[in-house]
Amino acid sequence: TLGANLVPEFGDSTSFNIFPSAEVDFALAPEYFHIFAGINGNVKKASYRDFARENPFLGPNQQIQNMVERINFFGGIKGNAGATFGYKVKVIYRKLEGLPLFVNNGATPYRFDLVYDGNGDDAVKHMGLEGEVNVRLSELVNLGGRLNFDKYTMAQEEEAWHIPKMRLAANARFNISEKLYIDAEALFHGISYSKAYDFDATTMPPVMSTTYNKVQIPSFFDLSAGAEYKATKQLGLFVKANNILNNEYQTYLYYPKLGFNIIGGLNFSF
């Protein structure tokens, strides 16, 4: 396929973007082994609501800016073996303008601010490797997994703050019967970094330092599982156990996640 992606932007400023859109998919062995590659670009529209959903500790009065994916090269292999096994491996190279990052506010470190890196003259470069696999062992058992490696070459900032270099997610679903389902999920996040400032507590009010520290946020592993029982077509019961291993970890600096916890309730549809 060959074409173009036309994306207008409206707001405080107006622009009109034209990106290439081309892709090739070649089946060396139909259904079992495909080679694919392509190039495209896009604009990721931004809103305060979306950022706050991603980081609920975001402070007010933030500058909201779209991220421009000026160019995106990708390529890889994919395939399946019938309906029981599917896989995909993809390599990505992107140039980004306005990559949004969360950093702790200097005066109130329990709040986060948005900073943006990359512009038309000096873009952020992102190289990534994605791998996916889906396995259907039987009509009762389905397994899946996704692995991501990401490397960002920043334009102004020292690091891609709060973005891990490695992420691994695996899931399993067991259909015990037509009414009972059991799900399990494992999540691993690699090391990430935060931008934080020191304070002189001997003064009142405390004085913030003019330089920041690069604080390491350790990697973590999270395991969860849940079950759902459909009593009727409209009514269902569910229970879910989170952080089963009771690990202490955080994805955003100063905000540790809950330890082992269980939630349950009812689902009703009409």
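See above for the structure.
Residues numbered from 1 in each chain as written. Predicted model: local features only at pLDDT ≥ 70, side-chain atom pairs only at ≥ 80, totals over all residues. Heavy atoms only, no water.

K.L.:
Which parts of the structure should I look at to understand the overall build of the protein chain?
P.N.:
Across its full length, the protein chain holds one helix and 18 strands. Taking the principal axes of the C-alpha coordinates as reference, the protein chain spans close to 65 × 50 × 35 Å. Restricting to contacts in the protein chain with at least 6 residues of sequence separation, those with at least 24 account for 54%. Taking the average location of the 25 positive side-chain charges in the protein chain and that of its 28 negative ones, the two points are 5 Å from each other. (Helix = DSSP H or I, 4+ residues; strand = E, 2+ residues; numbered from the N terminus. Contact = heavy atoms within 4.5 Å. Lys, Arg positive; Asp, Glu negative; His and termini not counted. Charge placed at Lys NZ, Arg CZ, Asp CG, Glu CD.)

K.L.:
How should the side chain of glutamate 130 be read in this particular structure?
P.N.:
With respect to the helices, strands and loops of the structure, glutamate 130 is situated in strand β8 (residues 124-136). With residues near it in sequence (within four places) discarded, glutamate 130 still touches Lys88, Val89, Lys90, Ile92, Arg146, Leu147 and Asn148.

K.L.:
Where do I start with the packing of aromatic side chains in this structure?
P.N.:
The relation between two aromatic rings is expressed through the spacing of the ring centres and the mutual angle of the planes. Enumeration according to the criterion identifies 10 aromatic pairs in this entry. For the ring pair phenylalanine 51 and phenylalanine 102, a centre distance of 6.3 Å and an interplane angle of 85° mean the geometry is edge-to-face. Within this pair, whereas phenylalanine 51 is found in helix α1 (residues 48-54), its partner phenylalanine 102 is found in strand β6 (residues 99-104), the two being separated by 51 residues in sequence. Among the residues examined, phenylalanine 51 registers a relative accessible area of 8% and is labelled buried. Residue class for phenylalanine 102 comes out buried when judged on its relative accessible area of 5%. (Phe/Tyr/Trp six-rings, centres within 6.5 Å; stacked < 30°, edge-to-face > 60°. Buried < 20%, exposed > 50% of the residue type's maximum accessible area, 1.4 Å probe, protein only.)

K.L.:
How do you make sense of the pattern of salt bridges when you look at a structure like this?
P.N.:
Should the charged atoms of two oppositely charged side chains come close, the side chains can pair. Enumeration according to the criterion identifies 12 salt bridges in this entry. A salt bridge links aspartate 25 to lysine 78, with the shortest nitrogen-to-oxygen separation between them at 3.1 Å. Highlighted residues: aspartate 25 in strand β2 (residues 15-29) and lysine 78 in strand β4 (residues 67-81), separated in sequence by 53 residues. Its relative accessible area of 40% is what places aspartate 25 among the partly exposed residues. Taking the relative accessible area as the measure of exposure, lysine 78 reaches 26% and is therefore partly exposed. Glutamate 130 is the partner of arginine 146 in a salt bridge, and the nearest nitrogen-oxygen pair spans 3.4 Å. Here arginine 146, found in strand β9 (residues 141-153), pairs with glutamate 130, found in strand β8; they are 16 residues apart in sequence, far enough to count as distant. The network of salt bridges with shared partners includes Lys90, Glu130, Glu132 and Arg146. (Salt bridge = Lys/Arg side-chain N within 4 Å of Asp/Glu carboxyl O.)

K.L.:
When you look at unusual backbone geometry in this model, what are you seeing that I'm missing?
P.N.:
It is generally the case that most residues other than glycine have a negative phi and that most peptide bonds are trans. With phi around 50°, asparagine 243 is a residue other than glycine that occupies positive phi space. Along the chain, asparagine 243 falls in the loop between β15 (235-242) and β16 (250-252). The phi dihedral of tyrosine 254 falls on the positive side, at around 80°, and the residue is not glycine. Residue position: tyrosine 254 is located in the loop between β16 and β17 (255-256).

K.L.:
How do you make sense of the environment of glutamate 157 when you look at a structure like this?
P.N.:
Here glutamate 157 lies in the loop between β9 and β10 (166-175). With 64 residues separating them along the chain, glutamate 157 and tyrosine 93 place their C-alpha atoms 19 Å apart. For glutamate 157, the contacting residues outside a window of four places in its chain are Leu101, Val115, Asp117 and Lys195. Side-chain polar atoms of glutamate 157 contact the side chain of tryptophan 161, separated by 2.9 Å. Only 3.2 Å separates the side chain of glutamate 157 from the side chain of lysine 195, close enough to count as a polar contact. (Polar contact = N/O pair within 3.5 Å; in protein donor to acceptor, adjacent residues only side chain to side chain.)

K.L.:
Whenever I open this one, the pairing of β8 confuses me. Can you help?
P.N.:
Alignment of strand β5 (residues 85-97) against β8, held across 12 bridges, turns out to be antiparallel. Bridge pairing in β8 places tyrosine 87 opposite valine 133. Pairing of β8 with β9 involves 12 bridges; the strand directions are antiparallel. When the sheet's bridge partners are listed, valine 133 is paired in β9 with glycine 145. Hairpin remark: β8 followed by β9, antiparallel, with four residues in the connecting loop. (Pairing = 2+ DSSP bridges.)

K.L.:
Is there a simple way to think about the sheet that holds β5 in this case?
P.N.:
The sheet built from 12 strands is open, its strands ordered β1-β2-β3-β4-β5-β8-β9-β10-β11-β14-β15-β18 with antiparallel pairing. The open sheet has two free edges, formed respectively by β1 (2-9) and β18 (261-268), since each of these has just one partner strand. Pairs of neighbouring strands in the sheet enclose a mean axial angle of 15°, with direction left out of account. Two elements, strand β3 (residues 33-44) and β4, share 10 bridges in a ladder whose sense is antiparallel. Across the sheet, the residue bridging to asparagine 42 is glutamate 69, located in β4. (Axes fitted to C-alpha atoms, helices over the stretch in contact; angles between N-to-C directions.)

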